[in-house]
Amino acid sequence: MLTFANLTKTYAGGGAAALSQVDLAVQAGEIAAIVGGSGCGKTTLLRLTAGLDQASSGFIEIDGDRVTAPHPAIGIVFQEPRLLPWLTVRDNVAFGLGDQPRAARRQRADEALERVGLAGYGDRWPRELSGGQQQRVAIARALAPRPKALLLDEPFSALDAFTRASLHDHLLALWEESRPTVVIVTHDVEEAVTLGDRIIVMQPRPGHIYEEIPVDLPRPRDRMSPNFDAAKRRVLKALDNSLNPQHPPGQTAPAGGALWW
Amino acid sequence: MTVQASTARAVADVESVAPQDADGRARAARALAGRVGGVWLVGVILPVLLAAGWELAVAGGFANGRLMPPPSQIWGELVRLAASGELWTHLLTTLWRVLAGFAVGAIAGTLAGLLTGASGLARQALDPTIQALRAIPSIAWVPLFILWLGIFEASKVALIAVGVFFPVYLGVMGAIGSIDRKLVEVGRVFRLGRVQMATRVLLPAVLPEWVISLRSGLGLGFMFVVAAEFMGASEGLGYLLVDGQQLGKPAQILAAIITFAILGKLCDQALVLATRPLLAWRDTVRARL
């Protein structure tokens with residue numbers, strides 16, 4: 001279980017807190033999708049969880065273990081693939097397996113590559129892969145050390161709609177195998193509803209949790225079903241309210257909320 | 001790709017065309033010449049024209065060629081020096097000095113660059129001093145090096161090492177400063193220690209710029225070997241230059257200059273070839289240096 005307790009982060013230089021008093025518990029094996037307008041602290045939350053930044057106050061725990069630096073049980077996939085260009089695809093996947101003997105490392109990496117559908121790509125250079133393939137390698141790299149929790153920071157935002165949909169399926173298949181706790185930050189409401197067991201809507205200035213919306217739909221989810229659509233509307237509505245908290249009386253809220261960003 | 005391979009392919013292409021008449025054959029031959037030689041022949045036209053023009057001018061009596069000997073005389077001088085074995089003695093002496101100075105300067109420059117690039121404290125403590133030393137024209141060290149190290153090899157190697165040190169130092173330090181923070185974060189996420197971060201992320205990331213700084217260092221090494229050999233040597237290509245001046249033998253000077261050009265180019269090429277396997281991963285406009 002991933003626990004956030006009273007988590008606050010103020011960056012040097014002052015201004016409003018990037019993150020203010022966030023309390024959240026993500027159950028083991030749960031997929032939590034975080035959405036929110038820009039500056040709501042969703043990326044800050046992920047960086048704190050990955051141990052790349054330090055919280056100003058409050059704490060994060062994974063199964064009761066404090067996270068103050070990069071934690072072996074937590075893996076992260078960034079917005080960009082961030083593959084090391086001087087390593088082959090296989091060596092990139094094996095990058096986090098440094099503590100293991102060479103043969104085991106190679107085998108684990110090849111297994112991970114096979115699971116993301118890139119068996120046989122191990123000897124290629126990252127530059128020879130498409131953006132979607134590179135991001136799959138990044139996912140394989142994060143999963144290869146078998147983390148208990150996987151963080152994803154807008155991992156598919158740079159990809160086209162078709163590639164994104166196929167990567168959603170890939171990700172869910174991978175999640176089914178080992179059921180890690182997943183926290184995914186996204187600005188795509190459809191992506192959040194496709195993947196999440198729970199949608200966390202955040203509000204900026206200072207960044208905090210505005211609303212939590214459970215999504216109780218069976219997987220695989222049908223994007224055309226009325227229930228899916230209803231969930232999407234609910235999230236959009238919450239986002240809309242979070243960004244226009246107090247419109248002056250008499251003025252109607254903008255319709256649809258499609259332009260929340 | 002080698003010239004041989006491209007020739008073979010071009011020949012195969014020509015054969016597959018199988019021209020029926022003389023005209024077709026001539027066209028194919030032109031195409032072959034264009035594809036094989038065209039690329040580098042263009043660059044050779046100007047020097048060949050100049051050399052041939054000078055040769056004709058001297059042969060025709062329009063110029064006497066005493067101070068600027070024609071190519072045939074320079075070639076004759078090169079052949080004479082090579083046949084007597086002098087050329088090789090001087091060449092090997094110079095090569096040894098450059099390589100020894102280059103090795104010392106490159107290793108010191110790389111280590112110092114790594115240290116100041118990776119550690120803010122080391123940069124604050126060391127970089128101002130090193131930059132101040134860099135501002136001194138390196139030739140100004142010559143008298144001091146001779147006093148300290150004597151007139152023989154040590155002072156020459158030291159001067160060359162000083163010349164090589166600075167470009168390598170600057171290159172490595174600058175390259176580390178410009179490493180993508182995002183890649184360093186990948187190292188942090190996987191909990192690399194200081195040494196592992198240096199060997200698995202920082203060093204590979206600076207490889208391309210390191211090679212470039214080594215190449216400019218090697219170029220400076222050749223510059224400084226001449227300076228070193230001017231200051232008193234009984235052997236070396238630089239000695240051939242001084243000797244040619246003092247005895248009024250311009251052909252010998254030019255022969256030494258040409259040898260320098262060829263030797264420098266070959267050393268640079270060897271460096272490029274030796275480091276190419278390290279850089280196969282790059283995704284750049286020009287994959288070749």
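Definitions and cut-offs
Residues numbered from 1 in each chain as written. Chains lettered and ligands numbered in written order. Predicted model: local features only at pLDDT ≥ 70, side-chain atom pairs only at ≥ 80, totals over all residues. Helix = DSSP H or I, 4+ residues; strand = E, 2+ residues; numbered from the N terminus. Buried ≥ 20, exposed ≤ 12 C-beta atoms within 10 Å, placed from the backbone. Contact = placed C-beta atoms within 7 Å. Rg over C-alpha atoms; globule rule 2.2 N^0.38 Å. Nonpolar A, V, L, I, M, F, W, Y, C, P; charged D, E, K, R; others polar. Pairing = 2+ DSSP bridges. Domains from an automatic or database assignment. Axes fitted to C-alpha atoms, helices over the stretch in contact; angles between N-to-C directions. Parallel < 35°, antiparallel > 145°, perpendicular 65-115°, else oblique. Left-handed = near helix turned anticlockwise from the far one by under 90°.

### Examining the overall build of chain B
Stage number 1. Looking only at helices and strands, chain B features 11 helices and zero strands.
Stage number 2. Along chain B, helices (α) and strands (β) appear in the sequence α-α-α-α-α-α-α-α-α-α-α when read from the amino end.
Stage number 3. Looking at chain B as a whole, 28% of its 289 residues are labelled buried.
Stage number 4. Of all intrachain contacts in chain B linking residues separated by at least 6 positions in sequence, the fraction that spans at least 24 positions is 71%.

### Points about the overall build of chain A
Stage number 1. Across its full length, chain A carries seven helices and 10 strands.
Stage number 2. For chain A, whose C-alpha radius of gyration is 19 Å, the value lies close to the compact-globule estimate of 18 Å for 261 residues.
Stage number 3. Seen along its three principal axes, the alpha-carbon backbone of chain A occupies a region of about 70 × 45 × 30 Å.
Stage number 4. Counting every position in chain A, which comprises 261 residues, the buried fraction comes to 43%.

### As for the interface of chain A and chain B
By a widespread convention, an interface's size corresponds to the accessible area lost as its parts come together.
Stage number 1. The interface of chain A with chain B comprises 14 residues on the first partner and 11 residues on the second.
Stage number 2. Considered class by class, the residues forming the side of chain A that touches chain B number 10 nonpolar, one polar and three charged.

### Comments concerning the pairing of strand S9 (residues 198-203) of chain A
All names here are of chain A.
Stage number 1. Counted residue by residue, S9 has five buried out of six residues, so it is predominantly covered.
Stage number 2. Bridging between strand S3 (residues 31-36) and S9 involves five bridges; their strand directions are parallel. Its bridge partner lying in S9, Val35 is registered against Val201.
Stage number 3. With six bridges connecting them, S9 and strand S10 (residues 208-214) associate as antiparallel partners. Residue pairing for S10: Ile199 is matched across the bridge by Ile213.
Stage number 4. Between S9 and the antiparallel strand that follows it, S10, lie four residues; Arg205 among them carries a positive phi value of about 50 degrees.

### Observations concerning the domain arrangement of chain A
Residues and elements named next belong to chain A.
Stage number 1. Domain boundaries assigned for chain A yield domain 1 (1-73 + 149-162 + 178-261) and domain 2 (83-146).
Stage number 2. Listed per partner, the contact involves seven residues of domain 1 and seven residues of domain 2.
Stage number 3. In the side of domain 1 that touches domain 2, the residues fall into six nonpolar, one polar and no charged.

### Details of the packing of helix H4 (residues 131-143) of chain A against helix H5 (residues 161-178) of chain A
Residues and elements named next belong to chain A.
Stage number 1. Between H4 and H5, the least distance of the axes is 11 Å, while the angle of their chain directions is 15 degrees. Here H4 lies roughly parallel to H5, going by the angle between them. Handedness of the crossing formed by H4 with H5: right-handed. Contacts between H4 and H5 involve Gly132, Gln135, Arg136, Ile139 and Leu143 on the former and, on the latter, Thr163, Leu167, His170, Leu171 and Leu174.
Stage number 2. Per-class residue counts for the contact of H4 with H5 are five nonpolar, four polar and one charged.

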